[in-house]
Amino acid sequence: MSKKMGKEADSRAAKQNRWGSLAARLEVQCEDILTMEAEEVGSTGAREHQPAQQNGDTGLLGSSDHTLPPPDLRRETSISSQSMAGSTTHSALSTKFPQEAWGTNLASVPYQQQLQQNELLQPQTHEACGDQFQPQLPPAASLEKTISSLKDWIVTKKVDKEIKEATSSLPSNSSGMSPYEKQRIEKCVKIAHLLVANLAKRFEGPKTNSNEPIEATVDSFDGETDDWEPKPQDISEDCITVTENAETGDVIDLGFDIYRNFNWDDTEVDDDNQSSNEQKLGLIFEALGKLLYKLFMEGEDVPPCPTSTDVPPPNGSIDGKSSDIPDEDDILDMLRKLPITGTSGDNGGNDRITSTMRNSGKLPKSLCRLVVDLLHTSTVMGRNEHGLENNQNPGSCFASLSDVHSDIQQMIDFPDAFLYSSINSRWELVFGNNHMFGRKGELRQLMDAAYRIQNSTGYDQSSTPGMPHPTQRKKEVVMVNGHAGSGKSRLVQEIRKPLQAWGWTFLRCKFGKTIQAEPLSVIALGLDEFFSSNVACLCPGIGTQGSLVTMGSSNGCSCANSSCPRKVCERLESLIGIDGLKCLSQQMPSLRSLVGETYAHRRESFNNVNGGLQGKFHTHHLFGTLLDTLASVSPVLFFVDDLQWADVASLELLTGLINRTFTQFDRDCSTNRILFVGAYRADTIMEELSLKNMIQEFDECVTINTTQISLRGFHLESLNEMVSEALCLPRRKTRSLCQIIHLKTQGFPLYVVEFLDALLTEKLLFHDPADGWEWDVDVIDLKGISKSVAELLTGKLKRLPHDILSGIQVLSCFGSHVDFDVLDAVKNYDGSSGNTLMPALYTAQKEGLVEKAGPTFTFSHDSIQHAAFDLIPTEDRIPLLQKLVSYLIPCCMQERGSDSFLFVTVDIINRIGRDGVYSDPIQSQLFARLNLEAGKKSMAATDFSSAMKHFKFGISFLQANYWEDQYDLSLNLFECSALANYSEGNHEQVAIQVNHVLSNAKSFEDKFKSYCVFINVIGIGSMERAAEKLYELLTPLGENIDPNVISPQIAISEFISTRNILSGVQKDKFLHLDPMTDRTKLMTMKLMAMLVVYYNQQQTFMSGYLVCKMIRTSLQYGHSEDTVYALSVFSAVLGNRLYDVDEGYALGRTALSLLKFYNTNQLIPRIYGVIYGTVLVSKDPIQSLLEPLLQACRLSFSNGNFEHSTINTVIYLSRSWHAGKNIPLVMSELNAFAHHHKQQSHMSILQLFLAPAYTVLSTLSGVTFDSSGLLAQLADVCNDDIVETAKVKNEMVFVRTSIALSMMEAIFLRDFVKASQVILKYQDFFQMLEEQQMRINEFEIIFYAGLVSFHMARETGEAHWMKKGMNALATFEKWSILNEWNFEHRFLLLKAELHHTKGDTSAAVEAYDMSAQAAQKHCFTHHVGLACELAAHYFGNIGEKERTREMIQRSHDAYMEWGAARKAKVVINLLELNWLDGS
């Protein structure tokens, strides 16, 4: 018995070597089956055979050559992702192949329904052996199939083809292939694909590398998998079954009938495990090659193939002769003479097989190559002990079955290129026409960002079920970085088409290393792309042929296209007016052309605008409004390329445009539909601090979703994919070439393309009409590695014709891009007729060196521009630049000339430099004047960095003794340079430039501007020193003011006197005064205005006293800019010192009316904070005041008015949380302000206001910034007693803000004890609570103090608390009459607390409800939460649990909407714990 059992075990082990663990299961099954009755076996087999016979499975079932296994052993294992439901089950064990998309679409509705039913059926467990059986499903009615052996299929298709060719008149293609032959070949290729995919899966196992080609196409190996391993004898036409769609004839499945080779009578199976895996694979390749030969050749057997191959001479000799060691050139020459080892196959039998296949069936060369290489690989593997390692021609061998699968997959994916070789570009190097390589993950990141914008709703459903809360949609910013040539621009351009198909607008701008245009012109040209790429409509019915519509008339654009440029212009006109539209059009050629045609009757007024973007409207506002308008039409992707070259002004504008979304009170602002994408070089980010700060600001901003994408060189697999497609060769054949390319280029796409182009030029890469592309890897391997892409581009440019190269060189002199108008102005630079420049550039465009974007030419890559300029001989550069300047200067001198001519000319002038014109004083002076003009225009556009450079260059062009010979020019250059440096925060340079002026200026008036700039610098460090200097300067101007003798009583008397002068309609007299012309009085007004700024920060009465003197001076000598400022400050004095709110409000409106006579952008920072922050709040809704206050902050920084930036920041942020603005939005702005003030070294506001504000808001919201961020670090080291610190520094404005923040935090955290301690500690500050008159601009702190007073009155019973509360209540009762919107709900809440304190339940309940309703009505979300929270406490105290629950929920929802998530959680926890526990 034991011997028998041992023999059985040996038999099972032997079978397992042949069939895997399947043999063990077969053995168990056989033992049971052999004991069964013969008639029972027969009847069972008949039942199993019946369905298959009905479906036409006659090929294999009709064969009696092999003994079928018993029916219980039949099992079907699926590896297909689309298993055919109801398909006929072959009677033999079969292994299905994955189905592909090439052919009939199988995803029909009945099929999908059947598939869903099949997924519900689970396999049953066999009790005897633990095996699993597939359930038998009824045949699908929607799909009839036929199953036949591959041998029969080949014969059938051959006969069908011959019959169709004989009876059809359809012509053959150019290669002599009939349509029916082509159809047969494609089916054969599909069969080969299914076959190889299955073999690769079973022989090599599943791939773990996503880059493997088999994983890219065969994604269906997730069904049950056998442990059966294919054998060479299984790969034959008899053992393979083909399943076709009976109706269409499409191949839908493939199966193995492996039982044909299973000997059921033999218990011993040969053990072939002694063979190496490589030898086994070689046998598989041989069998596969022979089978595919039969498949493609319609059943013919492969002819005998020689087994010998050519072997190169030994010992490293050339042509069998020894030689001395040659040098590198000799090696290259000898290698060129050797046979090519790149792509060509073996000789002898391979050639015979190829010619046989080509001649007999006109098969494509690719199929011949596939078969020959399979047979060649089997020969190499069988002959060499080390397999492919010693192969002399690796390109013709397959390394694995996955390589075979990849070859066939490429034939299926790109048949014209890889199967038929019929595309015309196969002899050209064309990269990525169809798709992008190696960037799938990066493209997905970009598309995800676009998808978030496309599908964002702007509502949060998570807070309360069924009650969506409006939320601020995050701005999407994507920053792409990488080295030069890594494909940053190409990556972003790749998503252009899909986004445009979604209806998006794609805009792009590109910076250049050379500053060649006027400030912000690069961004302007990017936005102008909308007008250049969209054709303006011609509205029918107007004129005879659809004439242009004149906007502003009764006729408007009536077309249905919402993105019509004319409709966009109409919307812009309604938002920014005609003047704003004119200013925008100055830097946007296409918009200028459109506006000029539309406003033909006012063309003259448009042409006369030379103020650029600064004239009346602020730059950021104009650009932001334009971008908002475009986004309101469709989502916008704004791509800014080469940010590393961007100037500071452009970066500030981009920051403003991106942050614009989060400074709008409207939560559904259209700018949420903008995707900003920036690209920059990773190796320059550390040098470009402005860019680094901008990116850091975006990363830290909680309302900006920033996606960082870093591009590196291609991986070898991606590079091989790109080169394979470009050369139309299989990936395995290009792998050796790509290994060398990757080593020499690090995989950077641009470098790869140019390297291959160099190989082609040097004939190291060439094409053969018969064999395709060929190369010699040894010669290429010896080719030197270029130091940079520029070196390759230089070589490419040198090979261009002379006229084309000259045109590109001229273009390179202007930087990365240039307008057509500029090129037209210099077309005769070489003395010719001007007919060569533009044709040369159009030819360069065809070569891909330059691009045409609207009315501009742009280099495709900045490396091309640099290489072209470097090719100009050094001795010829200055003369060429001087020629260009000579043609451009007349355009600059034209009265109506565009500013773009000026900046282009100045850029070239500065590259010529002082040495180029030193011997020509007249030319030097002209160059200095042009730089002065360009600097002033840059200052007007708030581009202070560019302005500094222009002034510096202008000074460099000054000749010796310039203060004597060129006094006015020198004075202007040094004055402007000092101002520009001050605006940029370069205080050391300010002192240097000011000293030049003070040492050389001829009069006090000539020194005055420099004095003012220098005093502003002093004021940053010490306001007291600055004030002393100002009083010293006022003395020679006739104003002897001693601040020590001015008492509060004197000041109050002056206030009343001035109010009487301006009472009633008398204040309107300022609107009819003439402008002030007296130079002495103008300087006096300027100095006193500077003193007012400093005194305002100290919160003293002296500011009011000085503005009274300024008003009297204006009434006598006329108004000036400083008059507007004086009126605005005095309007605040009237409301908050004299408590005359009505007169103060009226005077504030008068000041705003007077503002229209002056430069709005220069005055807004000085007056908006005062008027909108402290005066108009008495009568206007506070939410309506936020945008003007924010505008004042922006202009404070952009215009360099840093003396006003601190107070404007404090006022805007304070009013933002007084208005109940969303806390995360406020925190985002808080962070932005912190970075601005840090750049200007304003440490006081950072330490005493911004950091404490961040702490309070973070406590309420739970939102925190990165611990490495500026505010988080300052908050950690912040002094606990900020008030005392501010007092020591005499920063009184921060004393008030610190107290207000403490009160706000204590109220919302319900720390009434702390709040009461603050009131008692700073009794001087809260003395107002003891009085009947209170300052209306301090309404919020008075409100919180009143709430604390009533609470403490209840808790302590002390009368002084009740008195304080009653005084606050009485004050708010008066204010609520003046301004119901701002003050009614505050008054009602104080009233409710009073009734609560007195125990008047009904009155308290009514007041609480009315306060919450009023706060909700007037959009004070935070006070809705506060009122409901206080009411909940009250209802809890009196036992009203239902009302308590209601108020808890309302309070929670309001706090969540405000953004105070942590506070909302505390409300729920605390109130439920106190009042609802156990209920």
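In the block above lies the structure referred to throughout.
The structure presented is a predicted model; accordingly, all values stated were derived computationally and were not measured.

## With respect to the overall build of the protein
Phase 1: For the protein, the count of helices and strands is 62 helices and 19 strands.
Phase 2: A buried classification covers 55% of the 1479 residues belonging to the protein.
Phase 3: Long-range pairs, those at least 24 residues apart, make up 73% of the contacts in the protein between residues at least 6 apart in sequence.
Phase 4: Here the protein has roughly 62,300 Å² of accessible surface; of this, 49% comes from carbon and sulfur atoms.

## A look at the sheet that holds strand 19 (residues 856-859)
Phase 1: The strand order across the open sheet formed by 3 strands is 17-19-18, and the pairing between neighbours is antiparallel. The sheet terminates laterally at strand 17 (817-819) and strand 18 (850-853), the two strands that pair on one side only. Here the average twist between neighbouring strands, direction ignored, is 20°.
Phase 2: In the sheet, strand 18 pairs with strand 19 via 4 bridges, with the strands oriented antiparallel. Looking across to strand 19, one finds that A853 is bridged to T856.
Phase 3: Seen against the sheet, helix 31 (residues 837-846) touches strand 18 and strand 19 and runs at an angle of roughly 105° to strand 18.

## Some details on the pairing of strand 11 (residues 505-510)
Phase 1: Counting buried positions over the 6 residues of strand 11 gives 6, a clear majority of the element.
Phase 2: Burial of strand 11 is two-sided: the residues T505, L507 and C509 facing one way and the residues F506, R508 and K510 facing the other way are all buried.
Phase 3: Alignment of strand 11 against strand 12 (residues 636-641), held across 6 bridges, turns out to be parallel. Among the inter-strand pairings, R508 is bridged to a residue of strand 12, identified as F639.

## Description of the side chain of S1376
Phase 1: Its place among the elements puts S1376 in helix 57 (residues 1359-1378).
Phase 2: Its relative accessible area of 14% is what places S1376 among the buried residues.
Phase 3: The contact partners of S1376, leaving out residues within four places of it in the chain, are F1383, E1384 and F1387.

## Concerning the packing of helix 5 (residues 150-167) against helix 6 (residues 179-204)
Phase 1: Close contact between helix 5 and helix 6 brings their axes to 9 Å; oriented N to C, the two are set at 165°. Here helix 5 lies roughly antiparallel to helix 6, going by the angle between them. Here helix 5 and helix 6 pass one another in a crossing that is right-handed. For the pair formed by helix 5 and helix 6, the contact residues are L150, W153, K157, K161, K164 and E165 on the first element and Y180, E181, Q183, R184, K187, C188 and I191 on the second.
Phase 2: When grouped by side-chain class, the residues that make up the contact of helix 5 with helix 6 number 5 nonpolar, 1 polar and 7 charged.

## Comments concerning the environment of S355
Phase 1: Counting through the fold element by element, S355 comes out in helix 10 (residues 349-361).
Phase 2: Considered as a pair, S355 and K365 are 10 residues apart in the sequence and their alpha carbons are 9.6 Å apart.

## What about the pattern of salt bridges?
Phase 1: Taken as a whole and assessed by the stated rule, the structure comprises 44 salt bridges.
Phase 2: Between E1054 and R1112 there is a salt bridge, with the nearest N and O atoms lying 2.8 Å from each other. Placement of E1054 in helix 42 (residues 1048-1062) and of R1112 in helix 44 (residues 1102-1117) is noted, with a sequence separation of 58 residues between them.
Phase 3: For E1054, a relative accessible area of 17% corresponds to the buried category.
Phase 4: With relative accessibility at 31%, the residue R1112 sits in the partly exposed group.
Phase 5: Salt-bridge contacts for E1305 lead to K1314; the nearest nitrogen and oxygen are separated by 3.7 Å.

## A word on the nonpolar core
Soluble, globular proteins show a tendency: their nonpolar side chains are buried together.
Phase 1: Ranked by internal contacts, the top residues of the largest apolar core, which has 184 residues, are F1130, I1299, M1303 and F1326.
Phase 2: Aside from chain neighbours lying at most four places away, what touches F1130 is F1055, T1058, R1059, L1062, V1107, C1108, I1111 and L1147.
Phase 3: Counting residues in each nonpolar core, the second largest holds 69 residues, with L800, L823, V906 and L971 among its members.

## Structural notes on the sheet that holds strand 11
Phase 1: Spatial ordering of the open sheet is given by 11-12-13-10-14, a layout of 5 strands whose pairing is parallel. The open sheet has two free edges, formed respectively by strand 11 and strand 14 (704-711), since each of these has just one partner strand. Looking at each pair of strands side by side, their axes are set apart by 15° on average, direction ignored.
Phase 2: Along the sheet, helix 21 (residues 619-633) contacts strand 11, strand 12 and strand 13 (674-681); its crossing angle with strand 12, the most-contacted strand, is approximately 135°.

## Quick word on the packing of helix 24 (residues 716-727) against helix 25 (residues 731-745)
Phase 1: The contact between helix 24 and helix 25 brings their axes to 8 Å, and the two run at 120°. The pairing of helix 24 with helix 25 is recorded here as oblique in orientation. Classified by chirality, the crossing of helix 25 by helix 24 is right-handed. Between helix 24, through L716, L719, N720, E721, V723, S724 and L727, and helix 25, the contact on the second element is made entirely by R731, T734, R735, L737, C738, Q739, I741 and H742.
Phase 2: Of the residues contributing to the contact of helix 24 with helix 25, the split by class is 7 nonpolar, 5 polar and 3 charged.

## A short note on the packing of aromatic side chains
Phase 1: This structure, assessed with the given rule, holds 30 aromatic pairs.
Phase 2: Each ring, one from F1372 and one from W1375, has its centre 5.2 Å from the other, and the planes form 75°; the classification is edge-to-face. Note that F1372 and W1375 are positioned in helix 57 at a spacing of 3 residues, about one turn of the helix.
Phase 3: According to the relative accessible area criterion, F1372 is buried, its value standing at 0%.
Phase 4: Given a relative accessible area of 5%, W1375 falls into the buried group.
Phase 5: Here Y1408 and Y1434 contribute two aromatic rings whose centre-to-centre distance is 5.7 Å and whose plane-to-plane angle is 45°, an arrangement assigned as tilted. Residue Y1408 is found in helix 59 (residues 1401-1417), and its partner Y1434 is found in helix 60 (residues 1421-1437); the two are separated by 26 residues along the sequence. Of the two residues, Y1408 and Y1434, both sit in the buried class.
Phase 6: Connected via pairs of aromatic rings, a cluster forms that spans F1308, F1339, F1343, Y1344, F1372, W1375, F1383, Y1455 and W1458.
Phase 7: One residue, R732, lies across the ring of F398, its end atom 3.8 Å from the ring centre.
Phase 8: Seen from the ring of F1420, R1386 lies directly overhead, with NZ or CZ sitting 5.0 Å from the centre.

## Here's the deal with the environment of A1192
Phase 1: Along the chain, A1192 turns up in helix 48 (residues 1186-1198).
Phase 2: Owing to a relative accessible area of 0%, A1192 belongs among the buried residues under this scheme.
Phase 3: Between the alpha carbons of A1192 and I1167 there is a distance of 8.2 Å; along the sequence they are 25 residues apart.
Phase 4: The contacts of A1192, once residues within four sequence positions are left out, are I1164, P1165, Y1168, G1169 and N1208.

So, how was this worked out
- Residues numbered from 1 in each chain as written.
- Predicted model: local features only at pLDDT ≥ 70, side-chain atom pairs only at ≥ 80, totals over all residues.
- Heavy atoms only, no water.
- Helix = DSSP H or I, 4+ residues; strand = E, 2+ residues; numbered from the N terminus.
- Buried < 20%, exposed > 50% of the residue type's maximum accessible area, 1.4 Å probe, protein only.
- Contact = heavy atoms within 4.5 Å.
- Areas by Shrake-Rupley, 256 points an atom, 1.4 Å probe, with all protein chains shown as cover.
- Pairing = 2+ DSSP bridges.
- Axes fitted to C-alpha atoms, helices over the stretch in contact; angles between N-to-C directions.
- Parallel < 35°, antiparallel > 145°, perpendicular 65-115°, else oblique.
- Left-handed = near helix turned anticlockwise from the far one by under 90°.
- Nonpolar A, V, L, I, M, F, W, Y, C, P; charged D, E, K, R; others polar.
- Salt bridge = Lys/Arg side-chain N within 4 Å of Asp/Glu carboxyl O.
- Core = buried A, V, L, I, M, F, W, Y, C linked by side-chain atoms within 4.5 Å.
- Phe/Tyr/Trp six-rings, centres within 6.5 Å; stacked < 30°, edge-to-face > 60°.
- Lys NZ or Arg CZ within 6 Å of the ring centre and 35° of its normal.

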